[in-house]
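Understanding the architecture of this molecule
Residues per chain, in single letters:
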There are 2 protein chains.
Amino acid sequence: MAITKLRRNTPQRRVILEELCLLKSHPTAAELYAIVRKRLPRISLGTVYRNLEVLHEDGVIDKMEFAGAESRFDGNTELHYHVRCTECGRIEDIFPLDWEQTPAQPAELAGFQVTGYRLEYFGICPDCRIRLAH
Amino acid sequence: MAITKLRRNTPQRRVILEELCLLKSHPTAAELYAIVRKRLPRISLGTVYRNLEVLHEDGVIDKMEFAGAESRFDGNTELHYHVRCTECGRIEDIFPLDWEQTPAQPAELAGFQVTGYRLEYFGICPDCRIRLAH
DNA sequence: TTGACACCAGGAATGGTTCCTATTAATTTG
DNA sequence: CAAATTAATAGGAACCATTCCTGGTGTCAA
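**Looking at the overall build of chain A**
In terms of regular secondary structure, chain A is built from four helices and six strands. For chain A, the sequential pattern of α-helices and β-strands runs α-α-α-β-β-β-β-β-β-α. A buried classification covers 19% of the 134 residues belonging to chain A. Contacts in chain A between residues far apart in sequence, at least 24 positions, make up 49% of those at least 6 positions apart.

See the structure below:
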């Protein structure tokens, strides 16, 4: 169960992780692909997706999935939440300051063995607030 | 801004809402399509999607969107959360029992005007727990 | 009656993501 | 070091829930 598959340390995987960790934003796979391509011009988008998935599986990076929007990735795995702009998709970090922001995580709900939860705020980012006010 | 578009009460929309409210499950658009088709054999899947969207816009039903999984719809708009099975996609209702389960909802975070949040638990449902235990 | 337009059925298009295939190359073993 | 093993790659096709398009219909108000 806890057997981790052998991972090969390929240049592609190394560069993808390096570039993601350099960023403070939360890029999509396509955005990261554009950045990585400057160093590895022949890399394919599929390789970026596969490695982001692998790095996420191994707990090295965070993956944020949203319905109807591209997934975004985060090199910072420290516990934190996110606010997502419903207008432009931009994401900012929220580091919990008080206990009230952390919901209880029961071990069992409705017979389910609960393995986790997801708390995400959404709203309108500063830029879009200005833009929408004409 | 608050101008609501005129809605026509078509048979299609009426039947879709009726059948959704009869269910205690949280069907996908395709599942509801199959049910509604028994009463309206010529209805199209696009019509089901459009009306579910309209009903959701008007606050008549709840829409649950997930990345990499079909959206599910709920005729019960009473405040509650959901547990989703990561194995089979099944969803059960969770009605908050104590205040600790309700996260603080700040009006502003990182400069964002916060319009809402989403708290969703995930885990393994009773059936899948049994199935996975061989 | 007539104009306006919300809505419909049917089907094509969309687009993020995954999958497929032949090839390459990282790692292990002898 | 050479050979064997097989994870990983590039490129592109496939997937599929959802949205969009088109031509036509039904309803309402004036």
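**Focus on the relation of the copies chain B and chain A**
With an RMSD of 0.1 Å, the fit of chain B onto chain A corresponds to turning through 180° and sliding 0.0 Å along the axis. Expressed as a symmetry operation, the mapping of one chain copy onto the other fits a two-fold axis. The fraction of interface residues of chain B whose copies in chain A are also interface residues reaches 100%, indicating that both copies meet through the same surface.

**Let's talk about the protein's contact with DNA strand C**
DNA strand C sits among 24 residues. The nearest are A:Gly46, A:Ser71, B:Gln12, B:Gly46 and B:Thr47. Sorting the residues of the surface near DNA strand C by element identifies helix 3 (45-57) and strand 2 (69-74) of chain A together with helix 1 (11-22) and helix 3 (45-57) of chain B as the ones contributing at least two each. With four residues, helix 3 of chain B is the single largest residue contributor to the surface near DNA strand C. Looking at the surface near DNA strand C residue by residue, the class counts come to five nonpolar, 11 polar and eight charged.

**So, the packing of helix 2 (residues 29-36) of chain B against helix 3 of chain B**
Residues and elements named next belong to chain B. Two elements in contact, helix 2 and helix 3, have axes separated by 9 Å at closest approach and are oriented at 115°. Crossing geometry of helix 2 relative to helix 3 is assigned as right-handed. The segment helix 2 lies against helix 3, with Ala29, Leu32, Tyr33 and Val36 engaging Leu45, Val48, Tyr49 and Leu52. Tallied by class, residues from the contact of helix 2 with helix 3 come to eight nonpolar, no polar and no charged.

**Notes on the interface of chain B and chain A**
Every contact between the two is made by 33 residues of chain B and, on the other side, 33 residues of chain A. Counting only elements with at least two residues in the side of chain B that touches chain A, the list comes to strand 1 (62-66), strand 3 (81-85), strand 4 (91-94), strand 6 (112-124) and helix 4 (126-132) of chain B. The biggest single contributor to the side of chain B that touches chain A is strand 6 of chain B, with 13 residues. As judged from the 11 bridges shared by strand 6 (residues 112-124) of chain A and strand 6 of chain B, these two strands associate in the antiparallel manner. From the neighbouring strand, A:Glu120 faces strand 6 of chain B, where its bridge partner is B:Arg118.

**What about the protein's contact with DNA strand D?**
In the vicinity of DNA strand D lie 23 residues, with A:Gln12, A:Gly46, A:Thr47, B:Gly46 and B:Ser71 positioned nearest. Taken together, the elements giving at least two residues each to the surface near DNA strand D come down to helix 1 (11-22) and helix 3 of chain A together with helix 3 and strand 2 (69-74) of chain B. Tallied by class, the residues present in the surface near DNA strand D amount to six nonpolar, nine polar and eight charged.

**Re helix 2 of chain B**
Those residues of helix 2 of chain B lying buried are B:Ala29, B:Leu32 and B:Val36. Across the axial projection of helix 2 of chain B, the buried residues extend over an arc of 65°, all falling on one side.

**Comments concerning the nonpolar core**
Of all hydrophobic cores here, the largest spans 11 residues; its members are B:Val15, B:Ile16, B:Leu20, B:Ala29, B:Leu32, B:Val36, B:Val48, B:Leu52, B:Leu55, B:Ile61 and B:Phe73. Mapped onto this core, the elements with two or more residues apiece are helix 1, helix 2 and helix 3 of chain B. Core analysis: the second largest hydrophobic core is formed by 10 residues, A:Ile16, A:Leu20, A:Val36 and A:Leu55 among them.

**A few points about the pairing of strand 6 of chain B**
Sheet topology places strand 3 of chain B next to strand 6 of chain B; four bridges connect them, and they run parallel. Note on strand 6 of chain B: the bridge partner recorded for B:Val83 is B:Tyr121.

**As for the environment of A:Gly59**
Residue and element names in this part refer to chain A. Mapping Gly59 onto the fold places it in the loop between helix 3 and strand 1 (62-66). Residue Gly59 is classed as exposed on the basis of its 8 C-beta neighbours within 10 Å. Considered as a pair, Gly59 and Thr77 are 18 residues apart in the sequence and their alpha carbons are 7.8 Å apart.

Rules of the game
- Residues numbered from 1 in each chain as written.
- Chains lettered and ligands numbered in written order.
- Predicted model: local features only at pLDDT ≥ 70, side-chain atom pairs only at ≥ 80, totals over all residues.
- Helix = DSSP H or I, 4+ residues; strand = E, 2+ residues; numbered from the N terminus.
- Buried ≥ 20, exposed ≤ 12 C-beta atoms within 10 Å, placed from the backbone.
- Contact = placed C-beta atoms within 7 Å.
- Least-squares fit on C-alpha atoms with pLDDT ≥ 70 in both.
- Near = placed C-beta within 6 Å.
- Nonpolar A, V, L, I, M, F, W, Y, C, P; charged D, E, K, R; others polar.
- Axes fitted to C-alpha atoms, helices over the stretch in contact; angles between N-to-C directions.
- Left-handed = near helix turned anticlockwise from the far one by under 90°.
- Pairing = 2+ DSSP bridges.
- Arc of directions from axis to C-beta.
- Core = buried A, V, L, I, M, F, W, Y, C linked by C-beta atoms within 7 Å.

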